[in-house]
Amino acid sequence: MIQVDNVTKEFHGFKALNQVSMHVPKGAVYGLVGPNGAGKSTIIRNITGIYQPDSGSVLIDGEPVWDNVNAKKKISYIPDDLFYFLQANTLDMKKFYQGIYPRFDSDLFSRLKDFFPAIDMKRNIRHLSKGMQKQVAFWLAICSKPELMILDEPIDGLDPVMRRQIWGIILSEVAEHDITVLISSHNLRELEDICDHVGIMHQGKIMLERTLTELQGSVSKIQVAFQEGMPALPDDFEILHMSNIGRVYTLIVKGNPQEAKARLEAEHPMLIDIIPLSLEEIFIYEMGGANYEIKDILF
Ligand SMILES: Nc1ncnc2c1ncn2[C@@H]1O[C@H](COP(=O)(O)OP(=O)(O)OP(=O)(O)O)[C@@H](O)[C@H]1O
């Protein structure tokens, strides 16, 4: 659904994006993660056709998005900083969206009213709280019936109940209408529950792009204890991090968890256990490998 090839974008000689390539398959829920300043919002602005890449290409469903209304009609986008017209209330914005999105679903808009009971549709949106303004953004974005939903830091300011409710609606749209979702977020805990693909950005590049299952199968946490302390391990056994309490060692190892376990078992440990890594831990260790300054948060 999204094909980004070798996109570079400079601001005053600074390369915010440096040959970025990424691929978001149709029907995927793709989590874009990365440290502050990695280039997430900038690549999203290239994907939504707000910025024109200096070089490289961005295709939406096979079509270039830049200056292409047809491609843009397929996208609904919730930016980091929301925009509403000065005097507009929710009903005014709904009318505006209906004019832009040919598939806007007014019945769905009415049905979803119960999900957003705090929103007074006749009140100036700019007078609503930050979280309520976000709710309106989701309400309009969902009813636009996009083929592609792009969310930049979408859940900031939303309370936990509202977050669950909104993810529920979006995931049912994914399941029923095969929409594609690209989400940039620092909330890895939440992304882990909803994403099936992950891209990690660092210094203007996509340093890793995998399905969540592949990612979780590419690095493992193994607890192991040996009678005589840790034996020498082969050079190609790629340990990202090792710590110990007494004889129990915790290893973060690159590669297939079962293969790593089998290799350690050959050394006859007293105990050995694979512990699943969370997306947050994988992110931290992968970024550590990329020399991101994370030394103080390793444990
Ligand atoms: N309009 C601009 N003019 C100049 N520099 C910019 C502009 N937009 C982004 N940058 C720079 O490009 C880099 C990437 O910024 P971007 O906002 O894409 O990062 P991000 O990954 O979204 O960060 P965060 O997680 O903090 O939101 C940063 O160094 C930023 O200062």
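Residues numbered from 1 in each chain as written. Predicted model: local features only at pLDDT ≥ 70, side-chain atom pairs only at ≥ 80, totals over all residues.

- Under an unreviewed UniProt entry, the name given to the protein chain is ABC transporter ATP-binding protein, and the organism recorded is Brotonthovivens ammoniilytica.

### Some words on unusual backbone geometry
Phase 1: Phi at aspartate 67 is positive, roughly 60°, even though this residue is not glycine.
Phase 2: Looking at the element boundaries, aspartate 67 is found in the loop between β5 (63-64) and α2 (69-72).
Phase 3: The exposed category is assigned to aspartate 67, around which 9 C-beta atoms lie within 10 Å.
Phase 4: With phi around 60°, aspartate 178 is a residue other than glycine that occupies positive phi space.
Phase 5: Structurally, the position occupied by aspartate 178 is in the loop between α6 (160-177) and β8 (180-184).
Phase 6: Here aspartate 178 falls in the exposed class, since 11 other C-beta atoms lie within 10 Å of it. (Helix = DSSP H or I, 4+ residues; strand = E, 2+ residues; numbered from the N terminus. Buried ≥ 20, exposed ≤ 12 C-beta atoms within 10 Å, placed from the backbone.)

### Here's the deal with the site of the ligand
Phase 1: Neighbouring the ligand are Phe11, Ala16, Gly34, Asn36, Gly37, Ala38, Gly39, Lys40, Ser41 and Thr42.
Phase 2: Broken down by element, the shell around the ligand gets its largest block of residues, three residues, from helix α1 (residues 40-47).
Phase 3: Along the lines of polarity and charge, the residues of the shell around the ligand split into three nonpolar, six polar and one charged. (Near = placed C-beta within 6 Å. Nonpolar A, V, L, I, M, F, W, Y, C, P; charged D, E, K, R; others polar.)

### Some points on the domain arrangement of the protein chain
Phase 1: For the protein chain, the domain assignment lists domain 1 (2-211) and domain 2 (217-297).
Phase 2: On the domain 2 side, the residues contacting the twelve residues of domain 1 number nine residues.
Phase 3: Secondary structure elements with two or more residues in the side of domain 1 that touches domain 2: α7 (188-194), β9 (197-202) and β10 (205-211).
Phase 4: In terms of residues, the side of domain 1 that touches domain 2 owes the most to one element, α7, which gives four residues.
Phase 5: For the side of domain 1 that touches domain 2, the class distribution of residues is eight nonpolar, one polar and three charged. (Domains from an automatic or database assignment. Contact = placed C-beta atoms within 7 Å.)

### Structural notes on the sheet that holds strand β2 (residues 14-24)
Phase 1: Judged by pairing direction, the sheet is antiparallel, and its four strands sit side by side in the order β2-β1-β4-β5 without closing on themselves. Edge strands, defined here as strands with exactly one partner in the open sheet, are β2 and β5.
Phase 2: Examined bridge by bridge, strand β1 (residues 2-11) and strand β4 (residues 55-60) share five bridges and lie antiparallel to one another. Counterpart to threonine 8 in the pairing with β4 is serine 55.
Phase 3: Across the sheet, α1 touches β1, β2 and β4, and the angle it forms with β1 is around 120°. (Pairing = 2+ DSSP bridges. Axes fitted to C-alpha atoms, helices over the stretch in contact; angles between N-to-C directions.)

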